[in-house]
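Residue-level structural notes
One letter stands for each residue in the lines below.
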Amino acid sequence: MTKKITKSGLLSRRRLLTSVGAGAVLAASPFRINLLQAQEATIKVGFPVPLTGPYGTEAQDQVRAAEVAIAEFNEGGGLNGRKAELLVRDDKLNPGEAATRTLELIEKEKVSFIVGSLSAAVQLAVNNVTKERQIIFNSISQSDTINEASDFSKYTFHEALNPHLTAGAVGRYAFPKFGKKVAFLTADYAYGHEMVRGFQEAGKAFGIETLVDIRHPIGTTDFSALLPRIQALKPDILCISNFGRDQQIALKQATDFGMKKSMKIIVPIMLYTGRIAAGPQAFEGVIGGTSYYWGIEDKIASAKAFNDRFRKMHGGKVPSDYGALGYGGVKTLLMGAKAANSLEADKVIAAIEALKYDYYKGPQYYRKCDHQSAQSVLIIESKASPQKGDADVFNVVETEAPNDANLRSCEALGHKV
Amino acid sequence: MPGLSFDLIAMQLFTGLALGAIYVLFAIGLSLIFGMLTVVNFAHGAFYMVGAYVGLFLISLGGNFWLCLVAVPLIVGISGMIVERFLIRPLYGRGIDYPLLLTFGLSYIMVELIRIGFGTSGYPFDTPDLLQGAVNIGIGYFPLYRLFVIGAAAVVLLGLWLFLERTSFGLIIRAGARDPQIVRVLGVDVARVWLYVFGIGTAIAGLAGLLAAPLQGVIPEMGANILAEAFVVTVVGGMGSIGGAVIAGLLVGVVISMTSLFAPEMAKVSIFALMAIVLLIRPQGFFGRAGLMS
């Protein structure tokens, strides 16, 4: 048989020997997966996320959820038989690192899509690269800037919520219920600033009064020195806009100082992973927003299907909020490719713009002017103690339906309409 | 500034002193090891973190917080002694940078081992039931647990002072720090003394980690932050001076607290500014002996 192939001129003898040799080595090695990557036919999805560093837990969950989207796509026959694969890279939560990894994914691995990032600054860096290389990028973390005309390009999609929408939704729920005098405790970087702006814009309609906006450096481990002043001002609401470990420690110490007795604490995004890491005590009674909570599966069929699949693939775990975005981000691009029946960027973009999808949390669609995913925002309250297993941490107290009116208008973002 | 009352300033000052007590606890082990052994222990933050994890582990086995207050310093102290005996001891007499680099590398290994054993995400660490809630201290409410930490810091300091100044073993330690050669000639096993000093220093680091756990939870990286702060306290107080570390720790706490009131964005920078000013005026710190580093 060997002779026949060689003779037919399809393969040279040397090429055959190297291939067989390499194949044998690869087949025996733990890096067999590389062989799949080498196939021209697969659709490659680059996935730069901060696997190491402070958001490592969330990033790893994003990978797990993205794997679910890839598996579903492949089981559904792929794109005319072409399977998809996920190429995960560690961006170390560093914009420079993320840009380099993205460029590598595009140049060396020839990826069709980039999905990822878990920071406002990092996603803008990735977006700069993908914009220039004309590769479709779906960002799965919060940012207002990415919607703006200065950063946007037709290759840019934003599956995550943005601060304006999230903070706005939490504010619209909390201000009429808990009062108008608001004190802000804010992480001093883009995320915090954008969230406060979101709260204040939503608060105009309710006539809220900002008593103080205290900015703390990112990575603060002791908030005790910031709390007495807030207590002295006697606000109705304390709004804490920070992320990850900052959020856990701030809530823990505000609880220790007895602040929950005299004011309601609200946060723009209440993280599932953060609540698990900090325990029920610190988060008890806190109100926040989220893009996803697994508990909505009782009411939403697509959430149930996604959770079940995730549990099956990942040892019974449920997906976190940011994890689910990894699923949504990959899924929408692959389904767009499928609808376009092509990988050509312009065709895929048109197909994604036309999608009306419900993949895991109810109806969603990408707004035409800025490719922001219009979607529901869940308002959640942290439970005093889990009742149905350790994952039962939040109550969904309200769901704000997807609505263009809650996003900043296309004109305000600088888009020509 | 509106709303600036006497009570608020008093409360802010008290918060600063409380914060300072925590900083003293962070720094004292580092200062002790440097003062007596001239070893700059960059793994101090890692021992602190290990203390929190040992506490977490013991509680998961059914222990309680009070038992941990005894067991954690013992376990962390013994592991510190193992480190001294097998890793640091061969480097004595080789210049200050050798143990510095060794402990720097060691801290990475310790953090990575904890990540492998316990995962990268954090764990909650509940405040012990007896110490939950806030109490009225006359000018406002203050968490009971923080008051307890101040007390614990005072007990540790008093114990350390009595041990160093009032026991014969303490006398040997102090003599060994001044002139190890003479002490050796007098027939004292200096290597054994240093072993114990390193053990005590790391035991206090472990205890500090355990005490910090209910304030901020437990993660593998928790030691990295406090290392910088502990160094500021040690440098301001004077490298190797325990009394200096106490005064500097309290001062750093008050500086952070007061900056937080007027310019919260500057709070983190303020302690480094304080360090720069002190170093400009008094390079050896408040109570440091000049030339210890050379």
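These numbers were taken from a predicted model, which means no experiment stands behind them.

1. Section: the overall build of chain B
Within chain B, the secondary structure is distributed over 11 helices and two strands. The linear arrangement of helices and strands in chain B, starting from the amino end, is α-α-α-α-β-β-α-α-α-α-α-α-α. Taking 19 Å as the expected radius of gyration for a compact globule of 294 residues, we find that chain B reaches 19 Å, a close match to that expectation. Projected onto its principal axes, the C-alpha positions of chain B cover 65 × 50 × 35 Å.

2. Side note on the interface of chain B and chain A
Listed as interface residues are 36 residues of chain B and, on the opposing side, 27 residues of chain A. Interface area, chain B with chain A, both sides summed: about 2,600 Å², of which 53% is carbon and sulfur. Broken down residue by residue, the surface that chain B buries against chain A is led by B:Arg146, B:Gln216 and B:Pro264, which jointly contribute 18%. In this structure, the connection of chain B to chain A is made through one salt bridge. Residues B:Arg146 and A:Asp222 are paired through a salt bridge, measuring 3.1 Å at the closest nitrogen-oxygen approach. Taken together, chain B and chain A are joined by 11 residue pairs in polar contact (both at pLDDT 80 or more). Elements with a minimum of two residues in the side of chain B that touches chain A: α1 (6-37), β2 (141-143), α8 (190-216), α9 (222-237) and α10 (242-262) of chain B. Considering every element that reaches the side of chain B that touches chain A, the biggest residue donor is α1(B), with six residues.

3. Things to note about the pattern of salt bridges
All names here are of chain A. Inspection of every chain in the model, using the stated rule, returns 28 salt bridges over all chains. Two residues, Lys92 and Glu97, come together in a salt bridge whose shortest N-O distance is 3.8 Å. Three or more residues joined by partner-sharing salt bridges are found here, namely Lys92, Glu97, Arg101 and Glu104.

4. Observations regarding the state of the cysteines
Note on terminology: disulfide describes a covalent bond linking the sulfur atoms of two cysteines. Residue and element names in this part refer to chain A. Overall, the coordinates contain one disulfide over all chains when judged by the stated rule. Cys369 shares a disulfide with Cys410; S-S distance 2.0 Å. Between Cys369 and Cys410, the disulfide has an S-S torsion of -80° and is therefore left-handed. On the criterion of sequence distance, the pair formed by Cys369 in the loop between β12 (364-366) and β13 (373-374) and Cys410 in the segment after β15 (394-400) is long-range, its members being 41 residues apart. For the pair Cys369 and Cys410, one class covers both residues: buried.

5. Side note on the environment of A:Arg89
All names here are of chain A. Here Arg89 shows up in strand β2 (residues 84-90). Separated by 39 residues in the primary sequence, Arg89 and Pro50 have C-alpha atoms spaced 8.1 Å apart. Residues contacting Arg89, with those up to four places away along its chain left out, are Phe47, Pro48, Val49, Leu51, Arg101, Leu105 and Glu109.

6. With respect to the packing of aromatic side chains
Residues and elements named next belong to chain B. The tally for this structure, following the rule as stated, stands at 38 aromatic pairs over all chains. Their ring planes at 75° and their centres at 5.9 Å tell us that Tyr23 and Phe26 sit as a pair that is edge-to-face. In this pair, Tyr23 and Phe26 are both assigned in helix α1, three residues apart and thus about one turn of the helix distant. There is no split in this pair, since Tyr23 and Phe26 are both buried. Measuring from ring centre to ring centre gives 5.6 Å for Trp66 and Phe148, while their planes differ by 85°; the resulting arrangement is edge-to-face. Taken together, the residues Trp66 in helix α3 (residues 65-88) and Phe148 in helix α5 (residues 144-166) connect sequence positions 82 residues apart.

7. Points about a nonpolar patch on the surface
All names here are of chain B. Where nonpolar side chains cluster on the molecular surface, the patch consists of Val70, Leu74, Ile75, Ile78, Ile82, Phe86 and Leu87 and spans about 670 Å² of accessible area. Topologically, Leu74 is positioned in helix α3. Leu74 sits in the exposed class, given a relative accessible area of 52%.

8. Re the sheet that holds strand β11 (residues 356-357) of chain A
Read from one edge to the other, the open sheet built from three strands follows the order β11-β12-β13 (chain A), with strand pairing classed as antiparallel. Here the strands that pair on one side only, and so sit at the sheet edges, are β11 and β13 of chain A.

9. Examining α1(B)
Relative to the 46 Å expected for 32 residues at 1.5 Å per residue, α1(B) spans 45 Å between its end C-alpha atoms, a close match to the ideal helical length. Taking burial as the measure, the 32 residues of α1(B) include 26 buried ones, the bulk of the element.

10. Regarding unusual backbone geometry
All names here are of chain A. A positive phi is found at Asn80, a non-glycine position, where the angle reads about 50°. The topology assignment puts Asn80 in the loop between α4 (56-75) and β2. The exposure class of Asn80 is exposed, given its relative accessible area of 64%. The residue Lys110 is not glycine, and still its phi comes out positive at about 55°. Along the polypeptide, Lys110 turns up in the loop between α5 (95-107) and β3 (113-116). Look at Lys110 and you get exposed, because its relative accessible area is 61%.

11. A look at the domain arrangement of chain A
Residues and elements named next belong to chain A. Parsing chain A into structural domains produces domain 1 (41-161 + 298-375) and domain 2 (164-290 + 378-405). At the boundary of domain 1 with domain 2, total buried surface from both sides reaches about 1,800 Å², with 55% on carbon and sulfur atoms. Of all residues in domain 1, the largest losses of buried area upon contact with domain 2 belong to Tyr55, Asp144 and Asp321, amounting jointly to 29% of the total for that side. Inspection of the region where domain 1 meets domain 2 yields one salt bridge. Secondary structure elements with two or more residues in the side of domain 1 that touches domain 2: α4 and α14 (321-340). Here the side of domain 1 that touches domain 2 is composed, by residue class, of seven nonpolar, six polar and five charged.

12. Some points on the layout of surface pockets
The computed volume of the largest pocket comes to approximately 870 Å³. If you go around the largest pocket, you meet 41 residues; those closest to its centre are A:Gly53, A:Pro54, A:Tyr55, A:Leu93 and A:Arg245. Those elements giving two or more residues to the lining of the largest pocket turn out to be α4, α6 (120-133), α8 (190-204), α10 (245-256) and α11 (272-278) of chain A together with α9 of chain B. Grouping the constituent residues of the lining of the largest pocket by class yields 18 nonpolar, 18 polar and five charged. Split by domain, the residues of the lining of the largest pocket number at least three in each of domain 1 (41-161 + 298-375) and domain 2 (164-290 + 378-405) of chain A.

About the cut-offs
- Residues numbered from 1 in each chain as written.
- Chains lettered and ligands numbered in written order.
- Predicted model: local features only at pLDDT ≥ 70, side-chain atom pairs only at ≥ 80, totals over all residues.
- Heavy atoms only, no water.
- Helix = DSSP H or I, 4+ residues; strand = E, 2+ residues; numbered from the N terminus.
- Rg over C-alpha atoms; globule rule 2.2 N^0.38 Å.
- Contact = heavy atoms within 4.5 Å.
- Buried area = accessible area lost by both parts, 1.4 Å probe.
- Salt bridge = Lys/Arg side-chain N within 4 Å of Asp/Glu carboxyl O.
- Polar contact = N/O pair within 3.5 Å; in protein donor to acceptor, adjacent residues only side chain to side chain.
- Disulfide = S-S within 2.5 Å.
- Buried < 20%, exposed > 50% of the residue type's maximum accessible area, 1.4 Å probe, protein only.
- Phe/Tyr/Trp six-rings, centres within 6.5 Å; stacked < 30°, edge-to-face > 60°.
- Patch = residues over 30% accessible without salt bridge, like charges linked within 9 Å, V, L, I, M, F, W, Y side chains within 5 Å.
- Areas by Shrake-Rupley, 256 points an atom, 1.4 Å probe, with all protein chains shown as cover.
- Pairing = 2+ DSSP bridges.
- Expected span 1.5 Å × (residues − 1).
- Domains from an automatic or database assignment.
- Nonpolar A, V, L, I, M, F, W, Y, C, P; charged D, E, K, R; others polar.
- 1 Å grid on protein atoms, 1.4 Å probe; cavity = no way out; pocket = protein on both sides within 12 Å on 5 of 7 lines; lining within 4 Å.
- Points joined across faces, edges and corners; volume = space filled by probe spheres on them.

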